[in-house]
Each structure stands twice: as structure tokens, then as C-alpha cells.
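# Notes for the structure review
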Amino acid sequence: MSSLHWDRILVGITCCVVTITLWALCIWQLVLRFKTDTTESEVPLCFCLNGGICQDGACVCPEEWVGSLCEIVNFCEASTYTVNISESITKNLTFGRIIVSKYGNSEEKCKADTANGNTSIAIRMCSREGRTPTLEPPKILNCDENLDSLASQIESVNSSNIAAIASNTEILTSMPDQLSTQNIYAAATITVQVLKTPNVSKDAQASMAAVATVSQLLDANETEFNNDNLVNVTTSLTKAMEEFSLTSNISQTNVAVQSAPLKLSSSTILFSAQRDTTLEYYQPTTLEIQENVPGLIAAINTEVQILFNIINHSSSGNGRVGFVLYQNAKLFQSRIYQTRRSFSRQIVSGNIDGGRTSSVEIAFSPKYNISELHLRDHACVFWDYTVNDWNTAGCAKGRDQFLRCRCNHTTNFAVLMAFQIKYKYAKPLEYISYIGVGLSMAGVIITILFQIFTRKTRKSSVTWMLVSLCFSMLIFNIIFISGIENRNARNHSDSTTSHYQQYLPYDTISNTLLTSDLVDPPADSWCTAVAVLLHYFLLATFMWSALNSAQLYLLLLRAMKPLPEHFLITMSVIGWGIPAVVVAITLGATYREGRALNYRQEEFCWLAALDQNQNFSVKKPMLWSFLLPVALILLFNIITFITISVSVIWKKNKNLTRNKKDSFMKKMVGTISIEVVLGITWTIGYLMLISHEETSLFFSYLFCILNATQGLQICILYTFRSPAFKNKVSKVFLVIWVTRVSPYLHSKTYYVSKQPAKCLQETFRSTQTSSENSSLSTFPN
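Residues numbered from 1 in each chain as written. Predicted model: local features only at pLDDT ≥ 70, side-chain atom pairs only at ≥ 80, totals over all residues. Heavy atoms only, no water.

### A short note on the overall build of the chain
Looking only at helices and strands, the chain features 18 helices and 28 strands. Considering only contacts in the chain between residues 6 or more positions apart, those separated by 24 or more positions represent 70%. (Helix = DSSP H or I, 4+ residues; strand = E, 2+ residues; numbered from the N terminus. Contact = heavy atoms within 4.5 Å.)

Encoded structure:
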């Protein structure tokens, strides 16, 4: 049998064994993943109506529908209402569909030349009585008044006009998402004056309109409250609400006011807010005030409760207590506690007139998506009017199924919470990764040693370029296989939340003021270092593949010209220096002390790619510091690969005799050899970004097989097939007969003649020629 056949058999057997092993592992892992996914995804199915979406076994309904199947109407249909403008003139007001507990604006507008030009002339509330939504009578706006004009006249107006001003203010704030900072300031100023009006609680229209205005302000955009000009007016508003709470009982969507007399026999007063979970449709929170209760109640559906322990009463017996419940903290803008997620933070305030308290106990049931977050810590605070910010002085925190507080103050309590995202840490590397990377590491080590020991048989630049490529690939694989997993994953447990819900007695020492509602996981400098090294050596691998591509072009397509001066030094500076510059710029732009996740991911030690909503972000370094540079390198390599393939390997030369023409097999091997060293298969990584799960999974395994074994492929094509390697092996293992295979690939002869008797011959020879020739040792034999 000829030596060429032995060569093909040896390469074929090796490739077949590796391919069959990797594909078998791939199929095995796919089967295991399918079984795991089937087991873990046993979530009860649900059938949703009216556009509802089934999520985690429950229907998530659009706002127009409620109920377990989204089958209950949660809106009022379009309507027309006739109003009397004067004794002889009537006007029809038209309203579109209105969601329950919200106002709808009329289609009729104020005239353009009025103060409220092009503003809806009326609003109408859709409320619910039982299961049936009902429309309330519309409220008509005075088109000649706006918030600024109302604010300018509120201080001098008499009590008889307070109701009209309060009603107009309510109408003008009925579209909260359109309110500006100036609108909020004017509306808050008006509401403060309305609430301070003597005996305003006896004016039902003015009182309802004022509280409704506060509720609507709490629906305004959060960013509009981040203005120092609002600090004084919001402080005045919350103080006015505390005084108002002693004499009124009013509930709105975002704020509720409750009061009760303070009896001489009362030792405790409990205010609680509960939601009726037995009903299938939305119900406002039920508010209740109880006397002489032994302590806080343990009802699961309780959202918030506050308990006054009373020690002294007024001798007259005319004392009162009042409570205010805010559904969010927009009126309490903290400079210390920063919010990064839209969590609901209820604020409860108590006020007592005609008595004293020894202590106040509060319990909150936190509202957040438990499937996405861990509750890491909480702090019991009150709003300190002296600094206009949260304060923990005099408060202790505890926990059971509720977040509990005990304070010496009575007003504006809140529980500040700090969460940590439940990261889905990457599973340990699969066997296919270990075997593929292990074979790749063995291959590049053999290639490096072989290139060094046989360096005298080829140009020094050829050896240096391939050794540099293999070395960067080797270091990357070593770091990848040993450090890609985040060590925090070993300490991660799904029981974090349940542990946090265990009983903890009241403690003042640990009740420290939090600075953010979202905290990063424990700092892991090791993982950050691994991410930096992986980033650098993978970029270096790609850079050296591009430099090998450039060298191939120079040696094969510009063989008549020598390599540029200081070629090795220039290539070394580019190959090792440019990746270092990219990594340094990336670190400088993204990494901050305590903010390592701006640079890397938490799930595993690699570049950050997703934002807090788990969407791919162009602001993260994965795109601009890796994907884009690699895409440019791969584009350059692809262009060079096509050029060399067309111009050298597959070019037809009719001047060659038949027996000198390269075989199809040899051309294919040559093409694959160049493709491997240029890393063209890395383009499959971009196909993994396809959102279709099954398609992405397929390309993920294909990517893993082709690129995890890149080092092995280089070893097979550039080392095992080399005649020098076969000679070394035959000397060590005399039993194996490895014949010397002719290294001839492609030969061209050029004649440059100035005189008939003289000619110059230049031939592309094999790797066995002297170091002064123009051949490329990395080109396969």
C-alpha cells in the first residue's frame, strides 16, 4: 500500500474517532438537557381569555380585564353625558372606554384662546360596585383657570370657593403622566391650602377632591419629583395630610386617610390595611382601626399595620388618632437611598392628639416578584423633617413572615428594602467542553513543541507566528477550563429568601440606613481577574489569527517580495499590544470599585452583555469591546481566506502537466488547514445570538465542537501530517511504518530573463527547503 494511502488512513481514523466521540457526547447532553427541562418545567398550564398571557401557571391580564381567566370586565364602556350649561343650553360630553379606578377625559376640549386651551373640558371616573363597573357623573373644568392661576389665588380665596378650586385642581391633575414639575408644585401648593382650611373635613367635596389630587400626584412620573424645588412643598403636603387625618376618612387609589376617637379605655390602637384575596377581581384595600388588641395580627393578606402603645390620655377624653397610607414614596425623595427598580414602597403615618405613646410597632408585607429577587436586607426608617430624608434613630427591626419595626416616633414610617437578583449561575462545564478543550490543549502543546524543535527547517517568522497563536490559545483554554465558573455559584442557594423569612427579634444595631434597593452579590475579585484574562487572551488569539492571515497573503501572493523590515517585532507589538489596549480601555470605561458587574457577568466570569431587564445591551462591553473587534478580524480573515483559496489553492493552471496537478483531496485539506488557523468557524458564534431557542442550542453545540477542538485540528493538520513529525514518530516507534510522503503541494516556475543565456528561477517549495525560501510551514503537506 502506498505511503499516501497510509497518510490518509491515519488522518481519517483520527478525525473519525474524535468526531464520533464529540457528536456522541453532544447527543447525550441534548438528551439529558431535554429530560431536565421537561422535569423542571412542570408548571400547570392555564387558559387565558381576552388577551391574557399564561405565566408561571397563572393568567397575567391586560388592564381591561381581571379574574383568574381574565374573564371579568374591568372597564366602563364609551358613554355620552348631557350637562346643562345654562337654563336653555345643554351640551353632550363624550367619553371613551375608561379603566376601573381611573378617570377618562372627554373628547370635547376647551377653546384654544382660554387658559386651558385644548384641555378636556370634563373628566369622568369609572368605579366598581361588586363585579359591575359603573360610571360616576362627570366633573366639569373651568376653562379659564389653570394650575398656576389657581395657585396664585388660593391663599386669598374664601372658604365658599375652596370646593371649586379643589375640584378644578383634581380635574387638571387627572392625567398624571402629563404633569410637569411646575404642575406638581402648583397642585401641591393648592392642596396644602385646601387641607389647612378650617373645618375642611366637613366639606365633603373639597376634602375628596384634595385627597384625589394627592392620589393622582402619586401617579406622576418619578423623574419629575427629582427636583429640589419640590422639597419644601412636598414636606408641607405630608404634614398637612397628617393633621387632616385626625378628622377624615377618605380612600383613593394611591392614598388613604383614616381617623378614630381616642377613648380613655384604649391601651392600644391598631391600624391595618388588608386586601381581600377571596375575590376574583380587584378590590381596594380594606382599612380598619381596632382598639385594645394584644399586638400585631398575623393575617397573610395584611399589607401594612401600625400599632400605637398608649400610656397617657387627655383628661378631657376628646383625643383622636389618624393614619395616612401612601402606596408609594414619590413625596419622600431621598438623597441617600437610591432606587434602581420599581418596587412598591408603602409609607404609613400615624398621628395622635390627646395622648402619648410608649412605642409604635409596624409590620409590612413587602411587594416584589419573589421569582426574580432575593430580599437581602431591610431597614426600619422614618421621615426626618429636620433633614428631609430617612432616618433610623430610635427604630429597631425584626422579621417573621412580615418585616417588623419598633420605633419611638409616630409619623411617616417605611421599610427600605435591599434586593439581590436571583442569578442563574452557569452550570459546571459539560463533558463535551472538558474533552474538547482538553484535546485542544494537548494539540497546541504538541504543536508548540514541534514548531520549536523543528524551527530551523522554516522561516523564523512562520514559527513565531504559529507558536504565538497556539500559546495565546493554550493560555485561554487553561483559564477557561479552570476559572470560568463563578465561585459565588457554590455558595448560591435558592433558600436565601426562606432563610430571610425566619424569625429575628428586634435589633437596633443592625438597623442601618440602606443606600440602594438593589445590591450586587458578594464581590469576587478572582472572577473579575479571570474575565480580564479571558478577554485579553481570546482577543490575542483572534489578533494572531489575523496576523497569520496577513503573513499567508504576503508569502503566497507576494512571494517575489521580501517580508517588511522588522516584521517579527511589528507583528509582536500588534499581536500582544492591541488586545492589551482594548482590555485597558474597557476596564477604564466600565469597572468601578463595588461595580464589577459593569464589566463582567455574575452568572460566569465573562464580559457583561445584558442589562438589568436581561436584554442585550449595546452599552455593555460584550458588544463594543469583543463582538465588534472580533467581527472585524473575522471579516479580514474571510476575505484573505477566499483570496488565497481562489488565487492559489483552487487556481487552474493549464501549463501544468497532468501528473503535477494537485488532487481534489489535497486541495480540500489545504483549504481546511487555512480555515482552521484563521478561525473562520468562530463566525458560528454570532449565529448563537438567534432568539429561537432550538436553533440557538444547535449552533451552540456546533460552535463548541468546532472551536473547542481548534487546537486539536491545528495539531492534526500542521503537526501530525508533517513529514518531520512522521520521521520522529517512526524513530521512536519502529513497529509503525511511516513512509516519507512527498511534501509537494503546488509548484510554479517563473523565468525572468534579461539575456537569452540567463534566467532566474523561483519555485515555491515545501517545508523541507532552507530558511531563506518563501514557503509557509503552516501550509499543509
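After that view, the rundown keeps rolling.
### Some words on the nonpolar core
Ranked by internal contacts, the top residues of the largest apolar core, which has 68 residues, are Val194, Leu237, Met241, Tyr326 and Trp390. When residues in this core are grouped by element, the largest group, 8 residues, is from helix 4 (residues 181–196). The residues touching Leu237, leaving out its near neighbours within four places in the chain, are Ala188, Thr191, Val192, Leu195, Val214, Leu217 and Leu331. If you look at the next biggest cluster of nonpolar residues, it comprises 32 residues, including Val321, Phe382, Met417 and Ile421. (Core = buried A, V, L, I, M, F, W, Y, C linked by side-chain atoms within 4.5 Å. Buried < 20%, exposed > 50% of the residue type's maximum accessible area, 1.4 Å probe, protein only.)

### As for the packing of helix 4 against helix 5 (residues 204–217)
At a minimum axis separation of 10 Å, helix 4 and helix 5 run at an interaxial angle of 150 degrees. Looking at the two axes, helix 4 sits roughly antiparallel to helix 5. In the packing of helix 4 onto helix 5, the handedness of the crossing is left-handed. Here helix 4 contributes Ile184, Ala187, Ala188, Thr191, Val194 and Leu195 to the contact with helix 5, which in turn contributes Ala206, Ala210, Thr213, Val214 and Leu217. In the contact of helix 4 with helix 5, the residues fall into 9 nonpolar, 2 polar and no charged. (Axes fitted to C-alpha atoms, helices over the stretch in contact; angles between N-to-C directions. Parallel < 35°, antiparallel > 145°, perpendicular 65-115°, else oblique. Left-handed = near helix turned anticlockwise from the far one by under 90°. Nonpolar A, V, L, I, M, F, W, Y, C, P; charged D, E, K, R; others polar.)

### Here we look at the packing of aromatic side chains
The final tally for this structure, using the stated rule, is 13 aromatic pairs. Their ring planes at 75 degrees and their centres at 5.5 Å tell us that Tyr326 and Phe332 sit as a pair that is edge-to-face. Just as Tyr326 is buried, Phe332 falls in that class too. Measuring from centroid to centroid gives 5.8 Å for Phe332 and Trp390, while their planes differ by 25 degrees, and the two rings are stacked. (Phe/Tyr/Trp six-rings, centres within 6.5 Å; stacked < 30°, edge-to-face > 60°.)

### Some remarks on the side chain of Ser266
Looking at the secondary structure, you find Ser266 in the loop between strand 14 (255–262) and strand 15 (268–274). Here the side chain of Ser266 touches Glu291 through a polar contact of 2.4 Å, side chain to side chain. (Polar contact = N/O pair within 3.5 Å; in protein donor to acceptor, adjacent residues only side chain to side chain.)

### Things to note about the pairing of strand 18 (residues 319–326)
Of all the 8 residues making up strand 18, 7 are buried; the element is thus mostly covered by neighbouring parts of the structure. Here 7 bridges tie strand 18 to strand 19 (residues 347–353), and the two strands are oriented antiparallel to one another. When the sheet's bridge partners are listed, Arg320 is paired in strand 19 with Asp353. (Pairing = 2+ DSSP bridges.)

### Here we look at helix 11 (residues 525–557)
Helical geometry note: an α-helix holds 3.6 residues per turn, so side chains three or four residues apart project in the same direction. If you check helix 11, its first and last C-alpha atoms are 48 Å apart, about what 33 residues at 1.5 Å a residue would give, namely 48 Å. For helix 11, the buried fraction is high: 26 of the 33 residues fall into the buried class. (Expected span 1.5 Å × (residues − 1).)

### A few points about helix 6 (residues 231–244)
Over its 14 residues, helix 6 extends 20 Å from the first C-alpha to the last, a length consistent with the 20 Å expected when each residue adds 1.5 Å. Along its buried surface, helix 6 packs onto helix 4, helix 5, strand 13 (250–251), strand 14, strand 18 and strand 19.

### Digging into the pattern of salt bridges
Evaluation of the coordinates by the stated rule reveals 6 salt bridges. With a closest N to O distance of 4.0 Å, Glu77 and Arg97 form a salt bridge. With a gap of 20 residues between them, Glu77 in the loop between strand 5 (75–76) and strand 6 (79–84) and Arg97 in the loop between strand 7 (90–95) and strand 8 (98–99) connect regions that are remote in the sequence. With relative accessibility at 49%, the residue Arg97 sits in the partly exposed group. Of the charged contacts in the structure, one is a salt bridge between Glu602 and Arg600, with a shortest N-O distance of 3.4 Å. For Glu602, a relative accessible area of 2% translates into the label buried. Accessibility expressed as a relative area gives 3% for Arg600, which makes it buried. (Salt bridge = Lys/Arg side-chain N within 4 Å of Asp/Glu carboxyl O.)

### Quick look at unusual backbone geometry
One non-glycine residue with positive phi stands out, namely Cys70, at about 60 degrees. By secondary structure assignment, the location of Cys70 is in the loop between strand 3 (65–66) and strand 4 (72–73). Using a relative accessible area of 0% as the deciding quantity, one classes Cys70 as buried.

### Things to note about the environment of Phe450
Its place among the elements puts Phe450 in helix 7 (residues 431–453). Between the C-alpha atom of Phe450 and that of Val467, which follows or precedes it by 17 residues, the distance is 9.6 Å.

### Considerations on the confidence of the model for the chain
Do not read the predicted coordinates in detail wherever pLDDT is low. Taken residue by residue, the chain gives an average pLDDT of 77. The fraction at 70 or more is 72%. Within the chain, the element-level pLDDT minimum falls on strand 28 (residues 761–762), averaging 36, and the maximum on helix 4, averaging 94. Overall, residues 493–501 carries pLDDT values under 50, and its contacts beyond four positions in sequence, including any with other chains, amount to 20 contacts. Segment residues 735–781 is flagged for pLDDT under 50; beyond a separation of four residues in sequence, or across chains, it makes 103 contacts in the model. (pLDDT = per-residue confidence, 0-100.)

### Observations regarding the state of the cysteines
Throughout the structure, instances matching the rule amount to 7 disulfides. Paired through a disulfide, Cys110 and Cys143 show a sulfur-sulfur distance of 2.0 Å. Here the disulfide of Cys110 and Cys143 is left-handed, its torsion about the S-S bond being about -75 degrees. Taken as a pair, Cys110 in the loop between strand 9 (102–105) and strand 10 (122–129) and Cys143 in the loop between strand 12 (139–140) and helix 2 (147–153) lie far apart in primary sequence, 33 residues in all. (Disulfide = S-S within 2.5 Å.)

### Observations regarding a nonpolar patch on the surface
Taken together, the side chains of Ile445, Leu449, Ile452 and Phe453 make up a nonpolar region of the molecular surface, amounting to roughly 390 Å² of accessible area. Summarising the element assignment, Ile452 is placed in helix 7. (Patch = residues over 30% accessible without salt bridge, like charges linked within 9 Å, V, L, I, M, F, W, Y side chains within 5 Å. Areas by Shrake-Rupley, 256 points an atom, 1.4 Å probe, with all protein chains shown as cover.)

### Here's the deal with the environment of Pro198
On the secondary structure map, Pro198 appears in the loop between helix 4 and helix 5. The exposed category is assigned to Pro198, whose relative accessible area is 66%. Counting along the chain gives 39 residues from Pro198 to Ser159, while the straight-line C-alpha distance between them is 8.4 Å.

### Re the environment of Asn312
Positionally, Asn312 belongs in strand 17 (residues 302–313). Considered as a pair, Asn312 and Thr357 are 45 residues apart in the sequence and their alpha carbons are 7.2 Å apart. In contact with Asn312, other than residues within four places in its own chain, are Gly354, Gly355 and Arg356.

### Points about the packing of helix 8 (residues 460–483) against helix 12 (residues 567–590)
At a closest axis distance of 10 Å, the pairing of helix 8 and helix 12 adopts a crossing angle of 15 degrees. Taken together, the axes of helix 8 and helix 12 lie roughly parallel to each other. Where helix 8 crosses over helix 12, the two elements pack in a sense that is right-handed. Across the interface between the two elements, Ser460, Ser461, Trp464, Met465, Ser468, Phe471 and Ser472 of helix 8 pack against Phe567, Leu568, Met571, Ser572 and Trp576 of helix 12. Across the contact of helix 8 with helix 12, the residue classes tally to 7 nonpolar, 5 polar and no charged.

### What to know about the pairing of strand 15
One face of the sheet, then the other: side chains in a regular strand alternate in exactly this way. Of all 7 residues in strand 15, 7 are buried, a share of seventy percent or more. On strand 15, burial covers both faces: Thr268, Leu270, Ser272 and Gln274 on one face and Ile269, Phe271 and Ala273 on the other are all buried. Of the strand pairs in this sheet, strand 15 and strand 16 (residues 286–291) are connected by 6 bridges, and their pairing is antiparallel. Bridge pairing in strand 16 links Gln274 to Thr286.

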